[in-house]
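Working through the structure, step by step
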Amino acid sequence: MKQFDDGNIQIQYSDENEPCVLELMNQVLIAYETITSLFKLKNYDRKIIIQLYNSVEELHKEVLGKKREEWEVALECEDGTLKLVTPLNPGNVHSYSDIMKIAQKSVADMILADNFDEIPNWLDITTYLFGLNDAKTTYSYQKLNINDIKSFSDSYFITLSLINIYGINKIIKIYKKAKNYNKILNASDSEINNKIIKYYAEAV
């Protein structure tokens, strides 16, 4: 395995993946800088290691031990390693560009998990920041509920609406003090849900 190291990120890859490594490094460094700057994590210095796998099948077999859903192309490990399918062979569900965005989101999520505890499952600022969701705003917004998250899209649309209602700085505060989210937003859970539904009702 070859290594490409740029301070905060190291990519481990085989020869056939060399054509994508420089772009991948640039994209994940953007994510690293975006998150550490936005959340003012000046002292964060953990190195994140990205290990590239040559196919979805290889990742599933070697890392997960069995075949999984084809959309599963990344695994974030507690030791600071991101196991990722190469953008050059993304499988049937994702594209080259998708894998780049998934890498960005994964690196950002790993940094947030390292720094903040008990992040609500209805918050997903990284999908918002790195443009990973292409679902439409007509997506069942009437059923959005911070206490009943059924999919990644639920979290994305809740986060998107709350950023537009309250501003991104309030959302950052919730990451930092998750237990105080009602106080930060000055709203009960039902009031938050009603604001979300009202936002999309007026937006579509």
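The preceding data block contains the structure.
The shown structure was predicted, so the numbers you read here are calculated from the model rather than taken from an experiment. (Residues numbered from 1 in each chain as written. Predicted model: local features only at pLDDT ≥ 70, side-chain atom pairs only at ≥ 80, totals over all residues. Heavy atoms only, no water.)

This paragraph deals with the pairing of strand 1 (residues 2-5). Two elements, strand 1 and strand 2 (residues 9-13), share 4 bridges in a ladder whose sense is antiparallel. Directly across from Gln-3, in strand 2, lies its bridge partner Gln-12. Linking two consecutive strands that pair antiparallel, namely strand 1 and strand 2, is a turn of 3 residues; a positive phi of about 80° is found at Gly-7 within it. (Pairing = 2+ DSSP bridges. Helix = DSSP H or I, 4+ residues; strand = E, 2+ residues; numbered from the N terminus.)

This brings us to the sheet that holds strand 3 (residues 48-53). One open sheet holds the 5 strands; their spatial order is 1-2-3-5-4, and the pairing between them is mixed. Where the open sheet ends on each side, the last strands, each with one partner, are strand 1 and strand 4 (74-76). Taken over all neighbouring pairs, the strand axes of this sheet differ in orientation by 15° on average, direction set aside. Running over the sheet, helix 3 (residues 96-115) touches strand 2, strand 3, strand 4 and strand 5 (81-85) and is turned about 165° from strand 5. (Axes fitted to C-alpha atoms, helices over the stretch in contact; angles between N-to-C directions. Contact = heavy atoms within 4.5 Å.)

A few words now on the nonpolar core. Most often, soluble globular proteins keep nonpolar side chains buried together rather than apart. In this structure, Ile-9, Ile-11, Phe-39, Ile-50, Leu-52, Leu-84 and Val-107 are the most contacted members of the largest nonpolar core, which totals 60 residues. Those residues in contact with Ile-50, other than ones at most four positions away along the chain, are Ile-9, Gln-10, Ile-11, Gln-12, Val-28, Leu-82, Leu-84 and Val-107. (Core = buried A, V, L, I, M, F, W, Y, C linked by side-chain atoms within 4.5 Å. Buried < 20%, exposed > 50% of the residue type's maximum accessible area, 1.4 Å probe, protein only.)

Topologically, Ser-161 is positioned in helix 5 (residues 152-166). Those residues in contact with Ser-161, other than ones at most four positions away along the chain, are Ile-196, Tyr-199 and Tyr-200.

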